[in-house]
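# Descriptive analysis of the structure
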Protein chains: 2
Amino acid sequence: MTNSQETLDIIRRGCDELLVAAEMSHKIALGRPLRVKAGFDPTAPDLHLGHTVLLNKLRQLQDLGHHALFLIGDFTGMIGDPTGKNATRPPLSRQQVLENAESYREQVFKVLDPDKTEVVFNSTWMDKFSAADLIKLAATHTVARMLERDDFSKRYKNNQPIAIHEFIYPLVQGHDSVVLKADLELGGSDQKFNLLMGRELQKHNGQPPQCVLTMPRLLGLDVVKKMSKCLNNYIGITDTPQEMFGKLMSISDHLMWRYLELLSFKSIKTIAQWRVEVENERNPRDIKVRFAREIVARFHSRDAADRAEADFDARFRQGGMPEDMPEVQVQSGGKPMAIAQVLKAAGLNASTSEATRMIEQGGIRLDGAKIEDKGLYLQPGAKVVLQVGKRKFARVSMV
Amino acid sequence: MTNSQETLDIIRRGCDELLVAAEMSHKIALGRPLRVKAGFDPTAPDLHLGHTVLLNKLRQLQDLGHHALFLIGDFTGMIGDPTGKNATRPPLSRQQVLENAESYREQVFKVLDPDKTEVVFNSTWMDKFSAADLIKLAATHTVARMLERDDFSKRYKNNQPIAIHEFIYPLVQGHDSVVLKADLELGGSDQKFNLLMGRELQKHNGQPPQCVLTMPRLLGLDVVKKMSKCLNNYIGITDTPQEMFGKLMSISDHLMWRYLELLSFKSIKTIAQWRVEVENERNPRDIKVRFAREIVARFHSRDAADRAEADFDARFRQGGMPEDMPEVQVQSGGKPMAIAQVLKAAGLNASTSEATRMIEQGGIRLDGAKIEDKGLYLQPGAKVVLQVGKRKFARVSMV
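The rules behind the values
- Residues numbered from 1 in each chain as written.
- Chains lettered and ligands numbered in written order.
- Predicted model: local features only at pLDDT ≥ 70, side-chain atom pairs only at ≥ 80, totals over all residues.
- Heavy atoms only, no water.
- Contact = heavy atoms within 4.5 Å.
- Buried area = accessible area lost by both parts, 1.4 Å probe.
- Salt bridge = Lys/Arg side-chain N within 4 Å of Asp/Glu carboxyl O.
- Helix = DSSP H or I, 4+ residues; strand = E, 2+ residues; numbered from the N terminus.
- Least-squares fit on C-alpha atoms with pLDDT ≥ 70 in both.
- Buried < 20%, exposed > 50% of the residue type's maximum accessible area, 1.4 Å probe, protein only.
- Pairing = 2+ DSSP bridges.
- Polar contact = N/O pair within 3.5 Å; in protein donor to acceptor, adjacent residues only side chain to side chain.
- Expected span 1.5 Å × (residues − 1).
- Phe/Tyr/Trp six-rings, centres within 6.5 Å; stacked < 30°, edge-to-face > 60°.
- Lys NZ or Arg CZ within 6 Å of the ring centre and 35° of its normal.
- pLDDT = per-residue confidence, 0-100.

### Concerning the interface of chain A and chain B
- Opposite the 30 residues of chain A that make contact, chain B presents 30 residues.
- Both faces combined, the contact of chain A with chain B buries some 2600 Å², and carbon together with sulfur accounts for 84% of it.
- It is I135, V143 and I164 of chain A that lose the most area in chain A upon contact with chain B, and together they represent 28% of the buried surface on that side.
- For the pair chain A and chain B, the number of links is zero salt bridges.
- Among the secondary structure elements, those contributing two or more residues to the side of chain A that touches chain B are α4 (74–79), α7 (131–138), α8 (143–146) and α10 (169–180) of chain A.
- For the side of chain A that touches chain B, the element with the highest residue contribution is α7 of chain A, accounting for six residues.

Structure below.
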């Protein structure tokens, strides 16, 4: 029983919600590898650390002996946006889906254990689904139940259109759980409603319902916004070791613990021990370095982590990165702002033309990395360290 | 142009609404046979005169040279009620559908011209529809648009469940119009929303949109309720000539004109002429006899009409059907009431046992026809003439 409690603690680590814990304990007690489902977009993946929160959880479950079902939702991807309103979502061809899946494999097996991962495509069963099958599936739920989903209910109240097929997609996702006989499904907290559809449809089909484990979004480097590619607070898993190391070192001492909880493979016990040490005057920077090394090593190599650390030290410690630097707020007016304008507004350059010239000469760094592109824009909400020449620094917040 | 106006008058005769008259004139002016769609349930047909309102309209259009598409909606019929809540709607087998279609043919060709009628089944194309096709179809409309339909909006407001597949059925009906390239669709006024779906989906598919012609429900013999099998105000097209003739003779002098408009094949001009004659003291009974003969002849034969008329005369005129008879209201308490109780409550028999005995002896008539079944119930809202023995009559209203 203690063993089962420990297992439950590992499963719950960093999660938002586990539904239903008692059922989960029961499933663990079965002693067989559980079927753990997680669904992914079939579009071209370009994963950032935020995505790996879910992958890490899958990995933890694999380490406990369970079987990961890495589901690529290509059935809907190959339909595209049938309303035709979203030109950026053209239907994917089967060829593209397979290429994207290959690219997924390359990226996710840096986290997942390939031996305990089954990559599945829902087109395998959905392509055989007839219109009559889909009507029967649609009959299992009511319009009112579907309008309970937060975003549907908001859009309906605000008279924003909801196309009818949008009611069908959560049912397809739930049907995937029936086909896969999932014991547990992982997803973001914003997916909770859809994950519960799986439970309901499994019950409807006489299966034991899957448990549902929701994971939070990873807060980005600007502390407030979620990590996503659209904001300038993104750590891509294909970032260079130097970029990755620098960005991870720039997270706050407070946020660091959350990153460790969600992204580190260190045990709950080890991290608790570190917390105690930091409370007893150990420099949190030491922990951050260990963490940054772990992540760079995972996505590149141990050697790359060594070099990134040495490089970071050379630039910031030895190069004189000040312990305290001025904090400057730049008014973005809610819009992206060209880097030269930011430098001028922050008082780091006298004019935008001076700033542009210095970028061309390689004299400006952003979070420790040389700015190569004078066309760079900073998003509202971004927090970065800008360095002009050798000695001029500012911690700039775009507000 | 006069010709087109006359055609339009014939098409509009008795209708609730024609959408859109200008488009209809344009289609008529094309000078080719128009494709006129009307959809029917695939369940076992047992048609009453109410159903023939639509069939008559189709026949009028055939007489104008147009082509009737008699659509049997068997795709959804073979799905049945997927919620499983409606045990009275089990899925139909293909065999049953075909048998029902055969039974339809036998009945409807008493009204329709077989040479200008094409019987089609929507399973022909819908069975080939994939789940992906259905999703694309569902994407053409919004939830808000669907909730505009009267019955959906009422059920949603009253927290009565609407299963999601109910939103799909109107789209399937509309898609049928696309496949059939319908120029005009006929339906009951309660079908207007669904008929308009056909227009919208045809436009969506680059077709000229069909016109929509809605026909009213035929008021039943009790003047207020619509004619339907559930109420006791039903003239089945397989009723005996005697029953049919008697029931038609019992309609009021006022309602008679509506029946002529909707059911008679006599021209608009002839009926207008009769109206003038009745205003000038012609006995409306003469018109009613002509009409009852027309209908009996249509569903049985001219000979049968002769015999039914003679029989009616023998029983009512010569047998002493009084011109005035007492009008009695019987309190039904909103529930069906056994005929023996009705007879007692109306004061026609002293007791229910006397009434039952007289029924067994063949001494009681309902609307001129001998009551064979002492287990007969009268529905609330029914209006009937009851005759006990030779001389006792009452016009009984179940209230």
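### A word on the relation of the copies chain A and chain B
- Of the transformation superimposing chain A on chain B, the axial component is 0.0 Å and the angular component is 180 degrees, with the fit at an RMSD of 0.1 Å. In short, the pair behaves as if placed about a two-fold rotation axis.

### Brief notes about the pairing of strand β7 (residues 327–330) of chain A
All names here are of chain A.
- Residues V328 and V330 point to one face of β7 and are all buried, whereas E327 and Q329, pointing to the other face, are not buried.
- Across four bridges, the pairing between β7 and strand β13 (residues 392–398) is parallel. Each bridged residue has a counterpart across the sheet, and for V330 the counterpart in β13 is M398.

### What to know about the environment of D127 of chain A
All names here are of chain A.
- Within the secondary structure layout, D127 lies in the loop between α6 (123–126) and α7.
- Residue classification places D127 among the partly exposed positions, given a relative accessible area of 39%.
- Separated by 52 residues in sequence, D127 and F75 place their C-alpha atoms 7.1 Å apart.
- Setting aside chain neighbours within four positions, we find D127 in contact with F75, M78 and R94.
- Separated by 2.9 Å, the side chains of D127 and R94 make a polar contact.

### Remarks on helix α3 (residues 49–63) of chain A
Residue and element names in this part refer to chain A.
- Here α3 spans 20 Å end to end across 15 residues, near enough to the 21 Å set by a 1.5 Å rise per residue.
- Inspection of α3 places L49, G50, T52, V53, L54, L55, N56, K57, L58, Q60, L61 and Q62 among the buried residues, and these make up the whole buried set.
- Looking at the residues trailing α3, positive phi occurs at G65, about 100 degrees.

### Considering unusual backbone geometry
- Omega for the peptide link from L19 of chain A to V20 of chain A comes to -5 degrees, which places this bond in the cis form.
- With respect to the helices, strands and loops of the structure, V20 of chain A is situated in the loop between β1 (17–19) and α2 (21–29).
- Of note, the phi angle at N159 of chain B is positive, near 60 degrees, even though the residue is not glycine.
- Along the polypeptide, N159 of chain B turns up in the loop between α9 (150–157) and α10 (169–180).

### Some points on the pattern of salt bridges
- Taken as a whole, this structure holds 44 salt bridges over all chains when the rule is applied.
- One salt bridge in this structure joins R282 of chain A and E277 of chain A, with 2.5 Å as the shortest N-O distance.
- By relative accessible area, which is 24% here, E277 of chain A ends up partly exposed.
- In this structure, the salt-bridge partner of R59 of chain B is D63 of chain B, at a minimum N-O distance of 3.0 Å. With R59 of chain B and D63 of chain B both in helix α3 (residues 49–63) and four residues apart, this pair spans about one turn of that helix.
- The exposure class of R59 of chain B is partly exposed, given its relative accessible area of 23%.
- Connected through shared salt-bridge partners, R145, E148 and E200 of chain A make up one network.

### Notes on the sheet that holds strand β12 (residues 383–388) of chain B
Residue and element names in this part refer to chain B.
- Strand order in this open sheet of five strands is β7-β13-β12-β9-β10, and the pairing throughout is mixed. Each edge of the sheet is formed by a strand with only one pairing partner; in this case those strands are β7 (327–330) and β10 (369–370).
- Both strand β9 (residues 364–366) and β10 contribute to a ladder of two bridges, which runs antiparallel. Bridged to R365 within β10 is K370.

### Examining the side chain of Q62 of chain B
Residues and elements named next belong to chain B.
- Along the chain, Q62 falls in helix α3.
- At 2.8 Å, the side chain of Q62 and the backbone nitrogen of D113 are in polar contact.
- One polar contact links the side chain of Q62 to the main-chain carbonyl oxygen of K116, over a distance of 3.0 Å.
- When residues no more than four places from it in sequence are discounted, the contact partners of Q62 are A68, L112, D113, K116 and T117.

### Concerning the packing of aromatic side chains
- Applying the stated criterion across every chain, the model contains 13 aromatic pairs over all chains.
- A centroid spacing of 6.0 Å and a plane angle of 65 degrees characterise the contact between F40 of chain A and Y104 of chain A, whose relative ring orientation is edge-to-face. Residue F40 of chain A is found in strand β2 (residues 35–40), and its partner Y104 of chain A is found in helix α5 (residues 94–108); the two are separated by 64 residues along the sequence. Comparing F40 of chain A with Y104 of chain A, the two get one shared label, buried.
- Seen in terms of ring centroids, F70 of chain B and Y104 of chain B are 5.4 Å apart; in terms of plane orientation they differ by 70 degrees. Their pairing is edge-to-face. Of the two residues, F70 of chain B is situated in strand β3 (residues 67–72) and Y104 of chain B in helix α5 (residues 94–108); the sequence distance between them amounts to 34 residues.
- Accessibility expressed as a relative area gives 1% for F70 of chain B, which makes it buried.
- Residue placement shows R298 of chain A over the ring face of F265 of chain A; its charged tip is 3.7 Å from the ring centre.
- Against the face of F152 of chain B rests R149 of chain B, its NZ or CZ located 4.0 Å from the ring centre.

### Quick word on the confidence of the model for chain A
All names here are of chain A.
- Averaged over every residue, the pLDDT of chain A is 88; the share at 70 or more is 92%.
- Averaged pLDDT values over the elements of chain A bottom out at 78 in strand β10 (residues 369–370) and peak at 97 in strand β6 (residues 211–215).
- Interface confidence for the predicted complex, expressed as ipTM, amounts to 0.76; the pTM equals 0.77.

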